[in-house]
Amino acid sequence: MVLKVYGSDVTTCTRRIATILHELQVPFELIKIDLKNKQNKTEEFKKYQPFGQIPYIVRFSCFPSARLLVLLSASAQDDDGFILFETRAIGRYLVAKHQAGAGLELIPSDPKKHALFEQAAAFEQSNFDPAGSEIGLQFHLRRLGWGFDQAVVDKNMPLFEQRLEGYNTILGKTRYLAGDELTLADLFHLPIAPFVAEGSDVFEKYPNVACWVKELSARPSWLAYKDGVVSTLAY
Ligand SMILES: N[C@@H](CCC(=O)N[C@@H](CS)C(=O)NCC(=O)O)C(=O)O
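All values reported here derive from a predicted model rather than from experimental measurement.

Colleague: So what's going on with the sheet that holds strand β2 (residues 29-32)? Residues and values would help.
Modeller: Read across the open sheet, the 4 strands follow the order β2-β1-β3-β4; overall the sheet is mixed. The outermost strands of the open sheet, each flanked by one partner alone, are β2 and β4 (82-85). Across the sheet, the mean angle separating the axes of adjacent strands is 20° when strand polarity is ignored. In terms of strand pairing, strand β1 (residues 3-7) meets strand β3 (residues 56-59) through 4 bridges, oriented antiparallel. Bridging across to β3, Y6 finds its partner in Y56. Helix α1 (residues 12-24) rests against β1, β2 and β3 of the sheet, and its axis sits at about 160° to β1.

Colleague: If you had to explain helix α5 (residues 111-144) to someone new, which residues and values would you point to?
Modeller: Over its 34 residues, α5 runs only 43 Å from end to end, short of the ideal 50 Å by more than 12%, given 1.5 Å per residue. Positive phi shows up at G145, right after α5, with a value of about 75°.

Colleague: Explain the nonpolar core to me, using residue names and the numbers behind them.
Modeller: Grouped together as the largest cluster of nonpolar side chains are 56 residues, with contacts concentrated most on F160 and F203. Only β1, α1, α4 (87-102), α5, α6 (150-173), α7 (184-187), α8 (192-199) and α9 (207-217) provide two or more residues apiece to this core. Among the elements that take part in this core, α5 stands out by supplying 8 residues, more than any other. Leave out the neighbours within four places in its chain, and F203 touches F160, L164, A193, V196, A197, V209, A210 and V213. The next biggest cluster of nonpolar side chains, apart from the first, holds 7 residues, and it includes F45, I54, Y56 and V58.

Colleague: Describe the domain arrangement of the protein, listing the residues and the values that go with them.
Modeller: Taken domain by domain, the protein consists of domain 1 (3-106) and domain 2 (111-219). Each of domain 1 and domain 2 has a C-alpha centre, and the two are 25 Å apart. Facing 14 residues of domain 1, the contacting portion of domain 2 comprises 20 residues. Buried area between domain 1 and domain 2, summed over both chains or domains, comes out near 1,600 Å², and the portion from carbon and sulfur atoms is 61%. Contact with domain 2 buries area across many residues of domain 1, yet R88, R92 and L106 alone supply 37% of it, more than any other trio. Linking domain 1 with domain 2 are 4 salt bridges, by the criterion used here. Two residues, E118 and R92, come together in a salt bridge whose shortest N-O distance is 2.8 Å. Counting every contact that joins domain 1 to domain 2 gives 7 residue pairs in polar contact (both at pLDDT 80 or more). Contributions of two or more residues to the side of domain 1 that touches domain 2 are made by α1 and α4. When residues of the side of domain 1 that touches domain 2 are assigned to their parent elements, the largest contribution, 6 residues, is made by α1. Residue classes in the side of domain 1 that touches domain 2 are distributed as 4 nonpolar, 3 polar and 7 charged.

Thresholds applied
- Residues numbered from 1 in each chain as written.
- Predicted model: local features only at pLDDT ≥ 70, side-chain atom pairs only at ≥ 80, totals over all residues.
- Heavy atoms only, no water.
- Pairing = 2+ DSSP bridges.
- Helix = DSSP H or I, 4+ residues; strand = E, 2+ residues; numbered from the N terminus.
- Axes fitted to C-alpha atoms, helices over the stretch in contact; angles between N-to-C directions.
- Contact = heavy atoms within 4.5 Å.
- Expected span 1.5 Å × (residues − 1).
- Core = buried A, V, L, I, M, F, W, Y, C linked by side-chain atoms within 4.5 Å.
- Buried < 20%, exposed > 50% of the residue type's maximum accessible area, 1.4 Å probe, protein only.
- Domains from an automatic or database assignment.
- Buried area = accessible area lost by both parts, 1.4 Å probe.
- Salt bridge = Lys/Arg side-chain N within 4 Å of Asp/Glu carboxyl O.
- Polar contact = N/O pair within 3.5 Å; in protein donor to acceptor, adjacent residues only side chain to side chain.
- Nonpolar A, V, L, I, M, F, W, Y, C, P; charged D, E, K, R; others polar.

Below, the structure is given as structure tokens:
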């Protein structure tokens, strides 16, 4: 297997990576980490992810049987055995590596378009994710039967709605967050946006946002893993 994702079939972060891999049509093997038994907090795990969090990826440039030969040869690639964590960094790396082959431009090269992508990626992390992920996580936990805390939803909803006003303005001008083409910044909102939509009708108050969330939630890359991430060896 070329790319290994150390994560979980159910968690939000692993879904984000699986969705990006699907967009890029990059096969991957999911290595499940047992969060319930705190496998992610073992010293062995923390050798690869020092914060004890999932997911992280390990990339190999060829299949195991051929790996030694490649490592011994001049054709060994720099990123053979390359390990990376943090979903947004992983997403950027995967796109940089594979978007040309997939015929996509999820991170635009034109300087102005690139800057708009970075702007959207920054406001996803600072304006959408803090309250959105708290709310989305509660609905996700409820669906899994792992508990639900309405107080967390109530506490985060006012700030989230304030942020959605800004999103509604932006999406009133362009189809996506960084212009009229889909970028990785839009994909960073998966899986949180659909998880919020599953448990609440808050997006309906912001019609441009509702339309954008519906479109993202209908993408084959989201539908493929919305009920759980599985190893995908071929598309
Ligand atoms: N900012 C990190 C967050 C990683 C993260 O919080 N992962 C969660 C699962 S979605 C986790 O490992 N939780 C267990 C823990 O923090 O102990 C990323 O985007 O990769």
